[in-house]
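What follows is each chain in one-letter form.
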Amino acid sequence: MRRNEFFQLLQERVLFLDGAYGTEFFKRGVNGLIELLNIEDPEEVQKLHREYIEAGSDIILTNTFSANRLKLRAYNLEKDLERININAVKIAKSVSGGKFVFGDISSTGNFISPLGDLDFEEAYEVFKEQASLLIEAGVDGIILETMSDLKELKAAIIAVRDLSHEIPLIAHMTFEADGKTVSGTSVEIFATLMNDLDVDVVGINCSLEPDEMLPVFTKLSELSMKPLCVEPNAGKPILKKGRLSYKTTPKEFAVYMADFIELGANIVGGCCGTGPEHIKVMCKYISNQKPRKRQVKREQYLSSRTILRPTDTFLVIGERINASGKKKLQAKIQQMDFSQVVELSQLQEQEGCDAIDLNFGIEKLLTHDHFRRAIVELDKRSSLPVSFDIQNLHFLESAMREYAGRGLINSAFAREDHLEERIRLLKKYGGMLIVLAMEKHVPETAQQRFKIAMKTAEFLKDHDVDLERVYFDPLVLPAGAKNDYHATLKAIELMNRAGLKTSIGLSNLSFGLANRESVNAAFLALCIEKGLSAAILNSAEATTMNVLRGALQLKGKEPAKTEQVIEDELVKLIVSGQKEKLMNFVKDSLKEKEPLYISQNMLARAMEQIGTLYSKGIIYLPHLILASETVQPAFDYLNNLLGEAQAKLGKVLLATVQGDIHDIGKRIVATVLKSGGFEVYDVGKDVPAQKILSECERLKPDIVGLSAMMTTTVGQVKEVSDLLKKNNVRVVVIAGGASMNEQLANQFGVLYAKDALKALEICKKIVRKENER
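Residues numbered from 1 in each chain as written. Predicted model: local features only at pLDDT ≥ 70, side-chain atom pairs only at ≥ 80, totals over all residues. Heavy atoms only, no water.

### Some points on the packing of helix H6 (residues 81-96) against helix H7 (residues 120-136)
Okay, so step 1: Axis separation between H6 and H7 bottoms out at 8 Å; the angle between their running directions is 40 degrees. With respect to their mutual orientation, H6 and H7 come out oblique. Note on packing geometry: the crossing formed by H6 with H7 is right-handed. Side by side, H6 and H7 meet where Leu 81, Glu 82, Asn 85, Ile 86 and Val 89 of the first sit next to Glu 129, Gln 130, Leu 133 and Leu 134 of the second.
Okay, so step 2: For the contact of H6 with H7, the class distribution of residues is 5 nonpolar, 2 polar and 2 charged. (Axes fitted to C-alpha atoms, helices over the stretch in contact; angles between N-to-C directions. Helix = DSSP H or I, 4+ residues; strand = E, 2+ residues; numbered from the N terminus. Parallel < 35°, antiparallel > 145°, perpendicular 65-115°, else oblique. Left-handed = near helix turned anticlockwise from the far one by under 90°. Contact = heavy atoms within 4.5 Å. Nonpolar A, V, L, I, M, F, W, Y, C, P; charged D, E, K, R; others polar.)

Put into structure tokens, the structure is as follows:
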């Protein structure tokens, strides 16, 4: 199927996707990796496909959710990669009867740097390999599902599009009930980036029941300019007579799905817990309907992975990460030392910037790795959105490829050859663009600059670039060199009247002058009066920032406010990754306090606060990982001073149960428990019950923490618990993960922790009780 045919179909009627495969096979008694069925029992897969088609599905998915190289490697099935994927397409097409077959691709099971160890390019190759097999085998489209990392989703999208510009592509993410992924990306950030990327449909699947997913989907429908798809779960799993079932009945599910259609869904289907019975009732209940028209908000935003900043009021871009003429900063960047870059980023955020401009000075001294590493370091600190002030096109592409968000290209000359390359990057990686009102030489008059801007605007429109994504720079020249600043003001006025957005590099004006701050501030006020939309400026200039606020206020506007959500200075130090300052703080504190006091009453409590902030969705996974890395050297230092006297609260053994290769949640729990004062032994993922038993006998933990992300493996929690009891291992078992819930935990005879903070709380209660005995 070609993309235009798919798009046409989406306009005509609501399409029905199928339901779950993993949970459905599990309900039918299949254990282990379900993708193996594609080569060991294809009739079983064929049967389920057929049932979904008979239920009314317009689109069925190949049984390839976990069939990428990294996941198959974890199951020692890498050698079967091609057979599993190609057979999956053959099986689906053999029963499709004219219905569409989409190749199903999901996460690699690993986080990409900086959240994990996986390199972006490796993830890209993994997705490209699987997508290539599916496309060559003849799928009608590709769906990317259950992604919780925006960067990983981006790698997958680019990989598919590098293979084919014609294959229809659906891109999904998985959100928590608060509308954010586990890695801190909001549904708004997802929607605004997907508006730019070359995908046909965007959507949400898994994790949430229909009623929980409705408010998240509502936000998506308000901001997404793409057709929408949705696949909720059928509730949390419950154990009935030894078998797992789901609480949302087919009738309830159908009623909810009708609500999603009212919100604008173009494709509806089911995720975990749904089966042919859900799809059948849904198709009958909804029947043949035309998609609803949506009112989509047209605002523009810049974003990093976790921070979304509107641009429509006024965009403040910090200029201070600029190595031009700064030898020390240039040298540090050359040595891959990005500490000053990070520090300047954090300072400019505190000063009220919406984005930070990156200019690394003499680029011929640098490599692709300098730009990639800088982007990763900023991502690790959840920095503001980035403005890429990078002249070398290849370096610019490296930075944009690595970036998890919607950035700004600063800038393009108004020459066709220069513009075309930047437009290509804009379309491939998303974001906004600044265009200089000049081709080779700076035009002297405002009218000349305006004429170039208008000509460029037509060129951009001819290349399908929405002008709302573009700023035009009317050019600010040094007043000290006898340049007339009125030309800039007039150019802003003309462009503003023509409906074009404008951005200036403010400090150029005062170069070489005395009282730069006053001059900059005065000129900025004049520019705002003429309709200026954005400025790259020095936010450390208090006068400039105050005048900016005042000038905007007079025009009835207000720049975005910077929220200071963390008040505790120690917590702030740890969350912002200030290792050196934290160590100095510890050494200063040692002059008055004992090491044990600092460890347990200061650092551990600060980490507990950080865990609470994470649990409440105030900070995100990147902050948590950074905090852990920051505080660990300080703990190590204090522990060395304590020697044998060092005290741990207790010993915890962590494992992901057999058949499950997910360990992201387990790693978060390990981070929080370690920071909370526990000695943690992580024995890995896909761990058999017998191995957990032998590790318990060897390590003698106080507590065992089990993770079960997949419904198909949740029963392993009970198996482990029963085995430990049978062998008289006195240990408390706590279980968590997407497939666990309180009811299941009670039935399995274990404790339930819904998140890392709850796990810490339960562990502390357990050791407290033990100590009281």
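### Re the nonpolar core
Okay, so step 1: Counting residues in hydrophobic clusters, the biggest one holds 161 residues, and the most contacted among them are Phe 190, Met 194, Ile 267, Val 268, Met 282 and Phe 360.
Okay, so step 2: Setting aside its immediate chain neighbours within four residues, Val 268 contacts Val 14, Leu 15, Phe 16, Leu 17, Val 230, Met 257, Ile 261, Met 282 and Ile 286.
Okay, so step 3: If you look at the next biggest cluster of nonpolar residues, it comprises 46 residues, including Phe 111, Ala 670, Val 680 and Ile 734. (Core = buried A, V, L, I, M, F, W, Y, C linked by side-chain atoms within 4.5 Å. Buried < 20%, exposed > 50% of the residue type's maximum accessible area, 1.4 Å probe, protein only.)

### Digging into a nonpolar patch on the surface
Okay, so step 1: Among the surface-exposed residues, Val 255, Val 281 and Tyr 285 lie close enough to one another that they form a single nonpolar patch of about 250 Å² accessible area.
Okay, so step 2: Inspection of the secondary structure assignment puts Val 255 in helix H11 (residues 250-262). (Patch = residues over 30% accessible without salt bridge, like charges linked within 9 Å, V, L, I, M, F, W, Y side chains within 5 Å. Areas by Shrake-Rupley, 256 points an atom, 1.4 Å probe, with all protein chains shown as cover. Salt bridge = Lys/Arg side-chain N within 4 Å of Asp/Glu carboxyl O.)

### A few points about the sheet that holds strand S22 (residues 679-682)
Okay, so step 1: The parallel open sheet is built from 5 strands, whose spatial order is S22-S21-S23-S24-S25. Across the chains shown, the open sheet's two edge strands, defined by having one partner strand only, are S22 and strand S25 (751-752).
Okay, so step 2: Note that strand S24 (residues 732-736) and S25 share 2 bridges and pair parallel. Each residue of the ladder has a partner; that of Ala 735, found in S25, is Tyr 752.
Okay, so step 3: In the packing of helix H30 (residues 756-772) onto the sheet, contacts are made with strand S21 (651-656), strand S23 (703-707), S24 and S25, and the angle to S24 comes to roughly 175 degrees. (Pairing = 2+ DSSP bridges.)

### Considerations on the pairing of strand S9 (residues 243-246)
Okay, so step 1: Only one face of S9 is buried: it carries Leu 244 and Tyr 246, and the other face, with Arg 243 and Ser 245, is open.
Okay, so step 2: When strand S8 (residues 237-240) meets S9, the two strands line up antiparallel, connected through 4 bridges. In the strand pairing of S9, Leu 239 is matched with Leu 244.

### Thoughts on the sheet that holds strand S2 (residues 59-61)
Okay, so step 1: Pairing is parallel across the open sheet formed by 8 strands, whose spatial order is S1-S10-S7-S6-S5-S4-S3-S2. Each edge of the open sheet carries a strand with a single partner, namely strand S1 (15-16) and S2.
Okay, so step 2: Pairing of strand S3 (residues 100-106) with strand S4 (residues 141-145), which is carried by 5 bridges, proceeds in the parallel orientation. Across the sheet, Gly 103 pairs through a bridge with Ile 142, a residue of S4.

### Focus: the packing of aromatic side chains
Okay, so step 1: Tallied over the full model, the rule gives 10 aromatic pairs.
Okay, so step 2: Seen in terms of ring centroids, Phe 175 and Phe 190 are 5.7 Å apart; in terms of plane orientation they differ by 55 degrees. Their pairing is tilted. Of the two residues, Phe 175 sits in the loop between strand S5 (169-173) and helix H9 (187-196) while Phe 190 sits in helix H9, which places them 15 residues apart along the sequence. The burial state of Phe 175 is the same as that of Phe 190; both residues are buried.
Okay, so step 3: Looking at Lys 501, its charged tip hangs above the ring of Tyr 471, at a distance of 5.5 Å from the centre. (Phe/Tyr/Trp six-rings, centres within 6.5 Å; stacked < 30°, edge-to-face > 60°. Lys NZ or Arg CZ within 6 Å of the ring centre and 35° of its normal.)

### Looking at unusual backbone geometry
Okay, so step 1: Here the amide bond leading from Ser 113 into Pro 114 is cis, since omega sits at 15 degrees, within 30 degrees of zero.
Okay, so step 2: Mapping Pro 114 onto the fold places it in the loop between S3 and H7.
Okay, so step 3: At the junction of Asn 410 and Ser 411, the peptide bond is cis and its omega measures out at 15 degrees in the coordinates.
Okay, so step 4: The backbone of Asp 464 sits at a positive phi, close to 60 degrees, despite the residue not being glycine.
Okay, so step 5: Summarising the element assignment, Asp 464 is placed in the loop between helix H18 (446-462) and strand S18 (470-473).
Okay, so step 6: The exposure class of Asp 464 is exposed, given its relative accessible area of 66%.

### Topic: the side chain of Arg 161
Okay, so step 1: On the secondary structure map, Arg 161 appears in helix H8 (residues 150-163).
Okay, so step 2: Classification of Arg 161 by relative accessible area gives buried; the value is 5%.
Okay, so step 3: Within the local environment of Arg 161, its side chain forms a polar contact with the backbone oxygen of Ile 167, the two atoms lying 2.9 Å apart.
Okay, so step 4: Discounting chain neighbours no more than four positions away, the residues touching Arg 161 are Arg 3, Glu 166, Ile 167, Pro 168, Leu 169, Asp 198 and Asp 200. (Polar contact = N/O pair within 3.5 Å; in protein donor to acceptor, adjacent residues only side chain to side chain.)

### Points about the packing of helix H20 (residues 516-530) against helix H21 (residues 542-554)
Okay, so step 1: Their axes nearest at 8 Å, the elements H20 and H21 cross at an angle of 15 degrees. With respect to H21, the axis of H20 lies roughly parallel. Here H20 and H21 pass one another in a crossing that is right-handed. Each of Glu 517, Asn 520, Ala 521, Leu 524, Ala 525 and Ile 528 in H20 lies in contact with H21, whose residues at this interface are Ala 542, Thr 543, Thr 544, Val 547, Leu 548, Ala 551 and Leu 552.

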